[in-house]
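Examination of the molecular architecture
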Amino acid sequence: MSPTIRASAFILTAGLLALASSAALAQPDGSCLAPGAWTRLDAAQPERAESSALLAAMARRDVVLLGEQHDDMDHHRWQLHTLAALHAQRPHMVIGFEMFPRRVQPVLDRWVAGELSEAEFLTASDWGKVWSMPAELYLPLFHFARLHRIPMVALNVEAALTRNVAQKGWNAVPEAEREGVGTPAPASRDYEDFLYEIHRQHAGMRGHGPRTSSRRDAAFRNFVDSQLTWDRAMAEALAAARKAHTKPDGDSPLAVGIMGSGHVRFGHGVAHQLDDLGVGSIGQLLPMPASTDCRLLAPRLADAVFAVPDAVQAPPPPPRLGVSLDEQADGVRIAEVSAGSLAERSGLLNGDVITEAAGAPVRRNIHLIAAVRQQPPGTWLPLKLRRGDEVLELVVRFPAQAR
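All residue numbers refer to positions counted from 1 along the written sequence of the respective chain. Residue-level local features of this predicted model are given only where pLDDT is at least 70; pairs of side-chain atoms are given and counted only at 80 or more, and the full residue set underlies all totals for whole chains, interfaces and linings. In computing side-chain properties, one takes all heavy atoms of the structure into account and sets aside hydrogens as well as water.

Comments concerning the pattern of salt bridges
Salt bridges are counted wherever a side-chain nitrogen of Lys or Arg sits within 4 Å of a carboxyl oxygen of Asp or Glu. Within the structure shown, the criterion is met by 17 salt bridges. Between arginine 386 and aspartate 330 there is a salt bridge, and its shortest N-O distance comes to 2.9 Å. Linking arginine 386 in strand 13 (residues 380–387) with aspartate 330 in the loop between strand 9 (323–328) and strand 10 (331–337), this pair joins segments that are 56 residues apart in sequence. Residue burial is assigned from relative accessible area. The probe radius is 1.4 Å, only protein chains are included, and a residue is buried under 20% of its type maximum, exposed over 50%, and partly exposed in between. Look at aspartate 330 and you get partly exposed, because its relative accessible area is 39%. Through salt bridges with shared partners, a single ionic network connects Arg102, Arg232, Glu236 and Asp276. Helix and strand definitions follow DSSP, with helices as H or I runs of at least four residues and strands as E runs of at least two, each counted in order from the N terminus.

This is the structure in structure tokens:
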């Protein structure tokens, strides 16, 4: 998954803490948002918005982008409700999804036409490979499109392309390997500043100090290129879908984009590329926790945000690898890997001896068990192990906890 997605918590805070001017609207707890209500951010100060008027205005745009945190079920519920409201105002609509690469477009067409069962759709679209989130988060959106026969559009490209650009830079990738994506518009200065902070953080996580990272480094320039490629691909797909579904009388559809909030915030990502393509009437809407600190509600963060009320959550069960263990003098040996377990999906085998977890030595069973149980949902746990004469490193990817 892209560093932009993994850095979602950072996206909320980068460059915003200096916005003390909005503090005048804060509640005693520092929040500005009323749960279940809309707030406009297209002026100098946050302003409460009436739902029907706001959505009626959004329905008159050419494109509306609906952001999300991928693993938050309430964000997807909000997207569904917003889609329904927009569709009621403007039934001529197409819906683009970041989750699908372009190659699966024929599958989306067959799903909307009612030719596939749910299971057939997920299998034919390679859901388990193209997106790392549970399908249950998105299925209500897919069924909404099917029920109303709204064309679904695959907005993304293969992950191999963005990885290739991140390694070599845009100009070094042959045109034949770009999946038809055109040259992106250059990043704005603010977007580049934002991406640089993410790049520095990830350099630190990889063991490189922040001082070793420079804006002139090829690694950073390539990282910017990869993000622009991603944004451009989705913008082009939305623009092309509007053109393809324009009626003979000139009536163009409302194109709605379902995508990570990092591509929406401040208009730096997809909206910037749409503007370069000549699509100028763009709405940008975001869901945000109702408890969001007022200082984070920067002008132009989006046209408006919807305050998602906090939900009471049952504590999730502790994660399990699905192995039985034997202790050895120099590590913990896997006696048996359970079929279908997280351990099996991660590539662990019977007889592997785990010596480190997250960089810490593993000498007893309890060390590994504690490392696993302390792992938050949706994160990665690096393991070092011995397999015969080989020393290997594997990453256990813990599934996100759906709400």
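Regarding the state of the cysteines
Put simply, a disulfide is two cysteine sulfurs that come within 2.5 Å. Per the stated rule, a full pass over the model turns up one disulfide. The residue that forms a disulfide with cysteine 32 is cysteine 294, at a sulfur-sulfur distance of 1.9 Å. Between cysteine 32 and cysteine 294, the disulfide has an S-S torsion of -100 degrees and is therefore left-handed. Taken as a pair, cysteine 32 in the loop between helix 2 (8–11) and strand 1 (38–40) and cysteine 294 in the loop between strand 7 (282–289) and strand 8 (304–308) lie far apart in primary sequence, 262 residues in all. Among the residues examined, cysteine 294 registers a relative accessible area of 1% and is labelled buried.

Comments concerning the packing of aromatic side chains
Pairing of aromatic rings covers Phe, Tyr and the six-membered ring of Trp, with a centre-to-centre limit of 6.5 Å; geometry is then stacked below 30 degrees between planes, edge-to-face above 60, and tilted otherwise. Within this structure, the stated rule accounts for 14 aromatic pairs. Centroid distance tryptophan 38 to phenylalanine 306: 5.5 Å. Interplanar angle 65 degrees. Geometry classified as edge-to-face. Of this pair, tryptophan 38 sits in strand 1 while phenylalanine 306 is found in strand 8, placing the two residues 268 residues apart along the sequence. Overall, the relative accessible area of 5% leaves tryptophan 38 in the buried class. By way of ring pairs, the aromatic residues Phe97, Phe100, Trp111, Phe121, Trp127, Tyr138 and Phe142 are connected into one cluster.

Considering the sheet that holds strand 7
Pairing between two strands requires that DSSP report at least two bridges joining them. Strand order in the open sheet formed by eight strands is 2-1-8-7-3-6-4-5, and the pairing between neighbours is mixed. The sheet is open, and its two edges are formed by strand 2 (47–49) and strand 5 (152–156), each paired on a single side. Ignoring which end each strand starts from, the neighbouring axes of this sheet average 30 degrees apart. When strand 3 (residues 63–66) meets strand 6 (residues 254–258), the two strands line up parallel, connected through four bridges. Considered in strand 6, the bridge of valine 63 is made with alanine 255. What makes two residues a contact is simply this: any of their non-hydrogen atoms within 4.5 Å. Axes here refer to lines fitted to C-alpha atoms; in helices the fit is confined to the stretch in contact. Angles between the N-to-C directions go from 0 to 180 degrees. In the packing of helix 5 (residues 105–112) onto the sheet, contacts are made with strand 4 (93–101) and strand 5, and the angle to strand 5 comes to roughly 155 degrees.

Topic: the nonpolar core
To define a nonpolar core, start from buried Ala, Val, Leu, Ile, Met, Phe, Trp, Tyr and Cys residues and group those joined through side-chain atoms within 4.5 Å. In terms of nonpolar packing, the biggest core is built from 48 residues, with Phe100, Phe121, Phe142 and Met152 touching the most fellow members. Ignoring any residue separated from it by four or fewer positions in sequence, one finds phenylalanine 121 in contact with Phe100, Val107, Leu108, Trp111, Leu116, Phe142 and Met152. Leu155, Ala271, Ile282 and Leu301 belong to the second largest nonpolar core, which has 32 residues in total.

Here's the deal with the packing of helix 4 (residues 73–89) against helix 8 (residues 139–147)
Between helix 4 and helix 8, the shortest axis-to-axis distance is 9 Å and the interhelical angle comes to 20 degrees. Of the possible angle classes, the one that applies to helix 4 and helix 8 is roughly parallel. Helix 8 is crossed by helix 4, and the crossing has right-handed handedness. On helix 8, the residues touching His76, Gln79, Leu80, Leu83, Ala84 and His87 of helix 4 are Pro140, Leu141 and Phe144. Here the nonpolar group is Ala, Val, Leu, Ile, Met, Phe, Trp, Tyr, Cys and Pro; Asp, Glu, Lys and Arg are the charged ones; every other residue, Gly included, is treated as polar. Its residues placed into classes, the contact of helix 4 with helix 8 shows six nonpolar, three polar and no charged. Angles below 35 degrees are treated as roughly parallel, those above 145 as roughly antiparallel, those between 65 and 115 as roughly perpendicular, and all remaining angles as oblique. In this scheme the handedness of a crossing depends on how the near helix is turned from the far one: anticlockwise by less than a right angle means left-handed, clockwise means right-handed.

Notes on unusual backbone geometry
Phi at arginine 300 is positive, roughly 70 degrees, even though this residue is not glycine. Residue placement: arginine 300 occurs in the loop between strand 7 and strand 8. Positive phi is not limited to glycine here, since alanine 358 has a value of about 55 degrees. Summarising the element assignment, alanine 358 is placed in the loop between strand 11 (353–357) and strand 12 (360–361). Residue alanine 358 is classed as exposed on the basis of its relative accessible area of 52%.

Side note on the side chain of glutamate 98
Mapped onto the elements of the fold, glutamate 98 is located in strand 4. Here glutamate 98 is buried and forms no salt bridge, its nearest opposite-charge partner arginine 265 lying at an N-O distance of 11 Å. Whenever two N or O atoms come within 3.5 Å, that pair is a polar contact, provided that in protein one can donate a hydrogen and the other can accept it, and provided that, for residues adjacent in sequence, both atoms are side-chain atoms. In this structure the side chain of glutamate 98 is engaged in a polar contact, spanning 2.8 Å, whose partner is the backbone nitrogen of glycine 260. Note that His is not counted, nor are the chain ends; the positive residues are Lys and Arg, and the negative ones are Asp and Glu.

Section: the environment of alanine 241
Relative to the elements of secondary structure, alanine 241 occurs in helix 11 (residues 218–244). Considering only alpha carbons, one finds alanine 241 and methionine 152, 89 residues apart in sequence, at a separation of 9.2 Å. Beyond its immediate chain neighbours, meaning those up to four positions away, alanine 241 contacts Val94, Val153 and Pro253.

Notes on helix 8
Listed as buried for helix 8 are Leu139, Leu141, Phe142, Phe144 and Ala145. Two residues or fewer past helix 8, arginine 149 is found with a positive phi of approximately 55 degrees.

Details of the pairing of strand 7
The buried fraction of strand 7 amounts to seven of the eight residues, a majority that puts the element mostly inside the structure. Where strand 3 lies against strand 7, four bridges are found, and the strand directions are parallel. Looking at the pairing, leucine 65 lines up with glutamine 284 of strand 7. In this sheet, strand 8 lies alongside strand 7 in parallel orientation, the contact comprising five bridges. Bridge assignment links proline 287 to a residue of strand 8, and that residue is phenylalanine 306.

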